[in-house]
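# A structural walkthrough
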Amino acid sequence: MRREERDENATGSAAAGVVHSLSQRHETLATVESLTGGLLAASIVEIAGVSGIYRGGLVVYATELKSTLAGVPADLLAERGPVDPDVAAALAEGGRRRCGADWGLATTGVAGPEPQDGKPVGLVYVAVAGPGGAAEVRQLDLDGGRDHVRSAAVIEALRLLAERIHAADEAPRDGLEMADEAARDGLGTAGAGRR
């Protein structure tokens, strides 16, 4: 199997998992893309039933559009440029807010073929912002050609979102398990005192 075919299979699988999870949770998603130029949105809308969870997305390839459309602070962009972890986080949160979604998913980086503003080809940041607080950013150092960098960025963004959704699913369960354990400990202690 060629690398491109593996990327397509992995992308479809990751997108399907995210769409299913969000559907089960009755939550929505928005995307904001720079280097992936709509590839992330396209991979999501390939999945049947996506209309129930996908609010929409922004493709903000030009740096100034990251500010005017996605709400990234202009001073942050001026100071650090578009390929930066804090910019990625702001893109995810901005997309979430601007599209009225529960979750925002963003990509920014250098796909190549040349470095950009001193940043190497393959340096990518993917970020997810959710209903539970601060955005999470993952730095990727990808190799390969432009198409592979863009495909891999989409896959990793979807994986990051899947991890955050899973963590959100586990958080309430962990709290319930701790409460159950505390109740059992309390009963065990009370029972021991009555002997």
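Residues numbered from 1 in each chain as written. Predicted model: local features only at pLDDT ≥ 70, side-chain atom pairs only at ≥ 80, totals over all residues. Heavy atoms only, no water.

### A few points about the sheet that holds strand 1 (residues 29-33)
Spatial strand order, 2-1-3-4-5: 5 strands in an open sheet with mixed pairing. Of all strands in the sheet, those with a lone pairing partner are strand 2 (54-59) and strand 5 (133-141), marking the two edges. Neighbour to neighbour, the strand axes of the sheet diverge by 15° on average, direction disregarded. (Pairing = 2+ DSSP bridges. Helix = DSSP H or I, 4+ residues; strand = E, 2+ residues; numbered from the N terminus. Axes fitted to C-alpha atoms, helices over the stretch in contact; angles between N-to-C directions.)

### Examining the nonpolar core
Of all hydrophobic cores here, the largest spans 31 residues; its most connected members are Leu 29, Ile 44, Leu 105, Val 124, Leu 158 and Leu 161. When residues of this core are traced back to their parent elements, those giving at least two are helix 1 (3-25), helix 2 (39-45), strand 3 (103-109), strand 4 (123-130) and helix 6 (146-193). Residues in contact with Leu 161, not counting those within four places in the same chain, are Val 18, Leu 29, Trp 103, Leu 105 and Val 128. (Core = buried A, V, L, I, M, F, W, Y, C linked by side-chain atoms within 4.5 Å. Buried < 20%, exposed > 50% of the residue type's maximum accessible area, 1.4 Å probe, protein only. Contact = heavy atoms within 4.5 Å.)

### With respect to the pairing of strand 1
Buried residues dominate strand 1, accounting for 5 of its 5 residues. Every second residue of strand 1 is oriented toward a common face, with Leu 29, Thr 31 and Glu 33 on one face and Ala 30 and Val 32 on the other, all of them buried. Relative to strand 2, strand 1 is paired through 5 bridges, and the arrangement is parallel. Bridged to Leu 29 within strand 2 is Tyr 54. Once you follow strand 1 into helix 2 and on to strand 2, the crossover reads as right-handed. (Right-handed = clockwise from strand over helix to strand, strands pointing away.)

### Some remarks on unusual backbone geometry
Cis geometry is found at the peptide bond from Gly 112 to Pro 113, where omega equals 10°. In this structure, Pro 113 sits in the loop between strand 3 and strand 4. For His 26, which is not glycine, the phi dihedral falls at a positive 60°. Structurally, His 26 is set in the loop between helix 1 and strand 1. The class of His 26 is exposed, set by a relative accessible area of 72%. Of note in the backbone geometry, Asp 117 takes a positive phi value of approximately 50° without being a glycine. Here Asp 117 lies in the loop between strand 3 and strand 4. Judged by relative accessible area, which is 65%, Asp 117 ranks as exposed.

### Describing the environment of Gly 122
Looking at where Gly 122 falls in the secondary structure, it is placed in the loop between strand 3 and strand 4. Judged by relative accessible area, which is 1%, Gly 122 ranks as buried. If we skip the residues at most four places from it in the chain, Gly 122 touches Val 110, Leu 140, Asp 141, Leu 142 and Val 149.

### Things to note about the side chain of Glu 33
Secondary-structure assignment places Glu 33 in strand 1. There is no salt bridge for the buried Glu 33, and the closest opposite charge comes from Arg 150, which lies 6.6 Å off by N-O distance. Ignoring sequence-local partners within four residues, the contact set of Glu 33 consists of Gly 38, Leu 39, Leu 40, Ala 41, Leu 58, Val 59, Val 60, Tyr 61 and Thr 107. (Lys, Arg positive; Asp, Glu negative; His and termini not counted. Salt bridge = Lys/Arg side-chain N within 4 Å of Asp/Glu carboxyl O.)

### Some words on helix 5 (residues 85-98)
Given a rise of 1.5 Å per residue, 14 residues ought to cover 20 Å, and the 20 Å separating the end C-alpha atoms of helix 5 matches this to within 8%. The element helix 5 is largely enclosed, with a buried count of 10 among its 14 residues. Residues of helix 5 that are buried include every one of Val 87, Ala 88, Ala 89, Ala 90, Leu 91, Ala 92, Glu 93, Gly 94, Gly 95 and Arg 96, and no others. Buried residues belonging to helix 5 abut strand 1, helix 3 (63-68), helix 4 (74-80), strand 3, strand 4 and strand 5. The distance from a side-chain oxygen at the start of helix 5 to the backbone nitrogen of Asp 86 is 2.8 Å, and the residue carrying that oxygen is Asp 84. Of the residues trailing helix 5, Gly 100 is marked for its positive phi of about 65°. (Expected span 1.5 Å × (residues − 1). Polar contact = N/O pair within 3.5 Å; in protein donor to acceptor, adjacent residues only side chain to side chain.)

### Focus: the pattern of salt bridges
Under the criterion given, the structure shown has 10 salt bridges. When the shortest N-O distance is used, the salt bridge between Arg 80 and Glu 79 registers 3.8 Å. Judged by relative accessible area, Arg 80 falls into the partly exposed class, the value being 34%. Where Glu 156 meets Arg 159, a salt bridge forms, and the shortest distance between an N and an O atom there is 2.7 Å. Of the two residues, Glu 156 and Arg 159 are both situated in helix 6; the distance of 3 residues between them amounts to about one turn of the helix. Because the salt bridges share partners, they merge into one network encompassing Glu 79, Arg 80, Asp 84 and Asp 86.

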